[in-house]
Each structure stands twice: as C-alpha cells, then as structure tokens.
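Spelled out from the first residue to the last, the chains are:
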Amino acid sequence: MTTKGTPGRVVRIDDETWREYGELCAAEGTSRADDLRRHAHARVEAWRKKQAALRRLERLNDSES
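Bear in mind the structure is a predicted one, so any value in this text is a computation, not a measurement. (Residues numbered from 1 in each chain as written. Predicted model: local features only at pLDDT ≥ 70, side-chain atom pairs only at ≥ 80, totals over all residues. Heavy atoms only, no water.)

Colleague: I tried to follow the side chain of Asp-35 on my own but got confused; where do I start?
Modeller: Its place among the elements puts Asp-35 in helix α2 (residues 32–64). Of the polar contacts made by the side chain of Asp-35, one reaches the side chain of Tyr-21; its length is 2.4 Å. When sequence neighbours within four positions are dropped, the list of residues in contact with Asp-35 reads Tyr-21, Cys-25 and Thr-30. (Helix = DSSP H or I, 4+ residues; strand = E, 2+ residues; numbered from the N terminus. Polar contact = N/O pair within 3.5 Å; in protein donor to acceptor, adjacent residues only side chain to side chain. Contact = heavy atoms within 4.5 Å.)

Shown next, in the form of structure tokens:
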C-alpha cells in the first residue's frame, strides 16, 4: 500500500526505456507515476464513453425492431 492509499503496481519495462521515460517526465515537470496514472485514466474514460455510445446504439437498434 502506498502512502496515498492506492495499491502499488508492478510494470515490467526495460531499464533504458524506464530511464529515458524518467528523463522525459522530468523535462515535462511530472513523475512517471503521475504520467502513467493520467494515461490510464484517459484511456479508461475514452473506453467508458465508447461503451456508453455503443449501448445507446444498441437501444436505438432495439427500438427500431
């Protein structure tokens, strides 16, 4: 458990990529952890929107039958 109450996760990334990713994040003023969290949240939000749109389409198709 981390200090913020969220569980830690294990991600396997080669050393060179991890080091360079750290440099990239530092240059952007963020941390790898924060960048990964934001990426995951953005992907999940996009997926949720897509799922909601698909459900709406299914309801429309069902109502036309």
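Colleague: What am I meant to see in the packing of helix α1 (residues 15–27) against α2 here?
Modeller: For any two helices packed against each other, one specifies the crossing angle of their axes together with the interaxial distance. Relative orientation of the contacting elements α1 and α2 amounts to 85°, with a least axis distance of 9 Å. Comparing their axes, α2 and α1 come out roughly perpendicular. Contacts between α1 and α2 pair Trp-18, Arg-19, Tyr-21, Gly-22 and Cys-25 from the former with Arg-32, Asp-35 and Leu-36 from the latter. Taken together, the residues of the contact of α1 with α2 sort by class into 4 nonpolar, 1 polar and 3 charged. (Axes fitted to C-alpha atoms, helices over the stretch in contact; angles between N-to-C directions. Parallel < 35°, antiparallel > 145°, perpendicular 65-115°, else oblique. Nonpolar A, V, L, I, M, F, W, Y, C, P; charged D, E, K, R; others polar.)

Colleague: Honestly, α1 in this entry has me stumped. Any pointers?
Modeller: Here α1 spans 18 Å end to end across 13 residues, near enough to the 18 Å set by a 1.5 Å rise per residue. Of the positions making up α1, those classed as buried are Tyr-21, Gly-22 and Cys-25. Seen end-on, α1 carries its buried residues on one side only, within an arc spanning 105°. The secondary structure elements touched by the buried residues of α1 are α2. You can read the cap of α1 off the contacts: a side-chain oxygen lies 3.3 Å from the backbone nitrogen of Glu-16, and it is on Asp-14. Backbone geometry just downstream of α1 places Gly-29 in the positive-phi region, at approximately 75°. (Expected span 1.5 Å × (residues − 1). Buried < 20%, exposed > 50% of the residue type's maximum accessible area, 1.4 Å probe, protein only. Arc of directions from axis to C-beta.)

Colleague: Mind showing me how you'd approach a nonpolar patch on the surface here?
Modeller: Judged by side-chain polarity, Val-11, Ile-13, Trp-18 and Leu-36 come together as a nonpolar surface patch covering roughly 320 Å² of accessible area. Residue class for Ile-13 comes out partly exposed when judged on its relative accessible area of 32%. (Patch = residues over 30% accessible without salt bridge, like charges linked within 9 Å, V, L, I, M, F, W, Y side chains within 5 Å. Areas by Shrake-Rupley, 256 points an atom, 1.4 Å probe, with all protein chains shown as cover. Salt bridge = Lys/Arg side-chain N within 4 Å of Asp/Glu carboxyl O.)

Colleague: Explanation requested: the pattern of salt bridges in the structure shown.
Modeller: Charged atoms that come close allow side chains of opposite charge to pair. Tallied over the full model, the rule gives 5 salt bridges. Taking the shortest distance from any N to any O, the salt bridge between Arg-37 and Asp-34 comes out at 3.9 Å. Residue Arg-37 and its partner Asp-34 are both found in helix α2; the two are separated by 3 residues, about one turn of the helix. With relative accessibility at 42%, the residue Arg-37 sits in the partly exposed group. Asp-34 is the salt-bridge partner of Arg-38, the closest N and O atoms lying 3.3 Å from each other. With Arg-38 and Asp-34 both in helix α2 and 4 residues apart, the pair spans about one turn of that helix. Classification of Arg-38 by relative accessible area gives partly exposed; the value is 43%.

The values reported here are purely geometric and, on their own, carry no functional implication.
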